[in-house]
Amino acid sequence: MKNDAGNDRRKFLLTMARDVGLLAFGGLIWSAYVDEAVANKLALRPPGALKGKDFLTTCIKCGMCVEACPYDTLKLASPGENIPIGTPYFEPRETPCYMCPDIPCVPACPTGALDKESVSTDGKLDIYKADMGVAIVDEKNCIAFWGIQCDACYRACPVMDKALYLEYDKNERTGKHAFLKPIVDPDYCTGCGMCEHACVTEKPAIIVRPRELVMGEVGTHYVKGWDKKDEQRLESAKEIKTVTPRSEKKAVDTLNDMGGLLDD
Amino acid sequence: MIKHKYMILRRLTQVGLLVLYFGANAWGWKVLIGNLSASKFLEKIPLADPYAVLQMSVAGAALASDVIIGAIIITVLYALIGGRAFCSWVCPINMVTDAANWLRRKLRMNQVAKKPPVYRDARYWILALSLILSYLLGVAAFEFVSPISMVHRGIVFGLGFGWAAALSVFLFDLFILKNGWCGYVCPLGGFYSTIGRFSLIRVTHDAEKCTECMHCKEVCPEHQVLHMIGKESLPVLSGECTNCARCIEVCNDDALNFHIRSFAKQSKKEK
Ligand code: SF4
Ligand code: SF4
Ligand code: SF4
Ligand code: SF4
Ligand code: SF4
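Please read all numbers here as calculations on a predicted model, not as lab measurements. (Residues numbered from 1 in each chain as written. Chains lettered and ligands numbered in written order. Predicted model: local features only at pLDDT ≥ 70, side-chain atom pairs only at ≥ 80, totals over all residues. Heavy atoms only, no water.)

Visitor: Explain the overall build of chain A to me, please; I cannot follow it from the model alone.
Guide: A tally of helices and strands in chain A yields 8 helices and 8 strands. In terms of overall dimensions, chain A is more spread out than a globule: its C-alpha atoms have a radius of gyration of 29 Å, far above the 18 Å expected for 264 residues. With respect to the principal axes defined by its C-alpha atoms, chain A has extents near 105 × 90 × 45 Å. Taken across its 264 residues, chain A has 38% of its residues classed as buried. In chain A, of all internal contacts separated by at least 6 residues, the share reaching a separation of at least 24 is 61%. Between the averaged position of the 34 positive side-chain charges in chain A and that of its 40 negative side-chain charges there is a distance of 3 Å. (Helix = DSSP H or I, 4+ residues; strand = E, 2+ residues; numbered from the N terminus. Rg over C-alpha atoms; globule rule 2.2 N^0.38 Å. Buried < 20%, exposed > 50% of the residue type's maximum accessible area, 1.4 Å probe, protein only. Contact = heavy atoms within 4.5 Å. Lys, Arg positive; Asp, Glu negative; His and termini not counted. Charge placed at Lys NZ, Arg CZ, Asp CG, Glu CD.)

Visitor: Sorry if this is basic, but what is going on with the domain arrangement of chain B here?
Guide: One widely used convention gives an interface's size as the accessible area the parts lose upon coming together. Residue and element names in this part refer to chain B. According to the domain assignment, chain B consists of domain 1 (5-194) and domain 2 (200-270). Computed from C-alpha atoms alone, the centre-to-centre distance between domain 1 and domain 2 is 25 Å. The partner domain 2 presents 20 residues to the 22 residues of domain 1 that form the contact. Interface of domain 1 and domain 2: buried area, both sides summed, is about 1,600 Å²; carbon and sulfur atoms make up 45% of it. (Domains from an automatic or database assignment. Buried area = accessible area lost by both parts, 1.4 Å probe.)

Visitor: What exactly am I supposed to notice about the side chain of R84 of chain B here?
Guide: All names here are of chain B. Its location among the elements puts R84 in the loop between α3 (65-81) and α4 (85-89). A polar atom in the side chain of R84 sits 3.1 Å from the backbone oxygen of E240. R84 has contacts with R123, C182, G189, Y192, S193, E222, G239, E240, C241 and T242, leaving out every residue within four places of it along the chain. (Polar contact = N/O pair within 3.5 Å; in protein donor to acceptor, adjacent residues only side chain to side chain.)

Visitor: Honestly, the packing of aromatic side chains in this entry has me stumped. Any pointers?
Guide: Here the distance between the centres and the angle between the planes together describe a pair of aromatic rings. All names here are of chain B. Applying the stated criterion across every chain yields a total of 10 aromatic pairs over all chains. A ring pair is formed by F22 and W27, whose centres lie 5.5 Å apart and whose planes are at 70 degrees; its orientation type is edge-to-face. An angle of 90 degrees between the planes, with centres 5.9 Å apart, marks the rings of Y78 and F86 as edge-to-face. Take Y78 and F86: they sit in the same class, and that class is buried. Three or more aromatic residues joined by ring pairs form one cluster here, namely Y51, Y78, F86, F142, F191 and Y192. (Phe/Tyr/Trp six-rings, centres within 6.5 Å; stacked < 30°, edge-to-face > 60°.)

Visitor: Explanation requested: the interface of chain A and chain B in the structure shown.
Guide: With 33 residues of chain A in contact, the opposing surface of chain B contributes 44 residues. Taking both sides of the interface into account, the surface hidden between chain A and chain B amounts to around 3,000 Å²; carbon and sulfur atoms contribute 71%. Broken down residue by residue, the surface that chain A buries against chain B is led by W30, I60 and E67 of chain A, which jointly contribute 24%. Applying the counting criterion to the chain A and chain B interface returns 0 salt bridges. Viewed at the interface, chain B and chain A are joined by 10 residue pairs in polar contact (both at pLDDT 80 or more). For the side of chain A that touches chain B, the secondary-structure elements that each account for two or more residues are α1 (2-37), α2 (53-58) and α3 (64-68) of chain A. The leading source of residues in the side of chain A that touches chain B is α1 of chain A, at 9 residues. The class makeup of the residues in the side of chain A that touches chain B is 18 nonpolar, 10 polar and 5 charged. (Salt bridge = Lys/Arg side-chain N within 4 Å of Asp/Glu carboxyl O. Nonpolar A, V, L, I, M, F, W, Y, C, P; charged D, E, K, R; others polar.)

Visitor: Looking at this structure, how should I read the confidence of the model for chain A?
Guide: Detailed reading of the predicted model is not advised wherever pLDDT is low. Residues of chain A with pLDDT of at least 70 account for 97%, and the chain-wide mean is 89. Within chain A, helix α8 (residues 251-256) of chain A has the poorest average pLDDT of any element, 72, and strand β8 (residues 206-209) of chain A the best, 97. (pLDDT = per-residue confidence, 0-100.)

Visitor: Would you mind showing me how to read the site of ligand 3 here?
Guide: Taken together, 14 residues lie around ligand 3, and C157, C189, C192, G193 and C195 of chain A are the ones closest in. Of the residues that constitute the shell around ligand 3, the class distribution is 11 nonpolar, 3 polar and no charged. (Near = heavy atom within 4 Å.)

Put into structure tokens, the structure is as follows:
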């Protein structure tokens, strides 16, 4: 009798341990897969998209932004495209964002993954505030940097002369011509990709990538002393103090300490 | 013909919804925009998958009201008509698993197959697991692996490798486990089972008319819910019933029919 009950309990516990084990096993594979799936940060998102992971958390993958876009710019990632599955993105070399003034894709979003606030000025939609990415120029392969006149990207840019301007330079090789070099100002670039779309080289010499991938970060070691706004960055800075046997005393005291040399 | 009345109706709704969604994307129709995750009906009424919204909330998303209202509408709808009505009337995977099942019967697979294990509760564990993972990973975990959305989204927006998801479910159901995906694994089905627990529309059994031919149990994807067949006159109360009405169709003795729940109870009391 007693043994039976013991056996039953044993069986019960073992079954439970097995179920928990199976669940943990499944959970590990599952989370490894999801982790891998959300790792790709290269995709360009629609205007107003929340930054970083917040976008993946909030987008329900309904595709209503895709359907609202009159230029068929946006697509939903399907399996095998190595972009977090079902999320909207665009490839400017194929179809750039034409920066519609009424930004139809944004109000179509039911979840707030495309945030109206972030692309509005004084309560009005303002596509120039969009931050889909930043353009970068490959100076080795941009023919303008060779001295050949091009400016196709410059003329395509909807934020011409601000986001993308031409810098004039003397061409020392010929001695009588000018360089007209396209330069991007990330402060104004919306990442629409019109430039990448227009670029005349076989593989575009100007490409758009998400801002967080392209831009550096100075941190708190350097500051523009001449710029009040830049100094504000330091308010969040924290002091780091390293204590060694020598630094326990003040520097002057350490220097003045003759270690008993002058004692008679 | 009459024998497949509900089946035909179901196929019509399943395909009809797909056509409406597809038309919205391809030709700008305005009836049903979006997809099963979230959509807009007649440009006004928001609809959303409550399970996806639940996962996203657990993952920490600050959601806009549209999608929350949409999720409530869908929850109320299925709480009334039977949660898993979604499974048999809307979900595109249903056509895949029905096909697998049909082939199973044609190939007489069920005779070689071992008696399936009784882990029908697995889906509820997977459901719980999906919520835990959503919380830990900060994204809706099932939405990244769901063959349902892959197939559905694929049909509406372009398939990619989405067909592989459908094929996996098909092969799993055909060779590994009868009704394996929907009856054991799918957490969305588990979620709707939970919602539909108290729904109004119920299949009800009349034991007096029953000749115990067991055709109904043979076709039922969740045959455990038909435990009363030939024994007692009861409504099918389990939320796991998908309201697919296959049992009603195959019964030659009119021993199974749809009833509104309160009526079903009343008539029982009257007896
Ligand atoms: S702003 Fe216009 S072109 Fe750009 S993604 Fe939105 S709808 Fe498409
Ligand atoms: S409309 Fe919003 S929720 Fe839907 S796919 Fe686009 S970004 Fe995601
Ligand atoms: S992506 Fe190119 S075209 Fe668009 S704003 Fe930036 S520089 Fe101009
Ligand atoms: S279009 Fe291409 S090649 Fe021409 S200037 Fe711009 S980046 Fe250079
Ligand atoms: S159980 Fe899941 S896959 Fe099967 S029909 Fe229901 S929702 Fe679709």
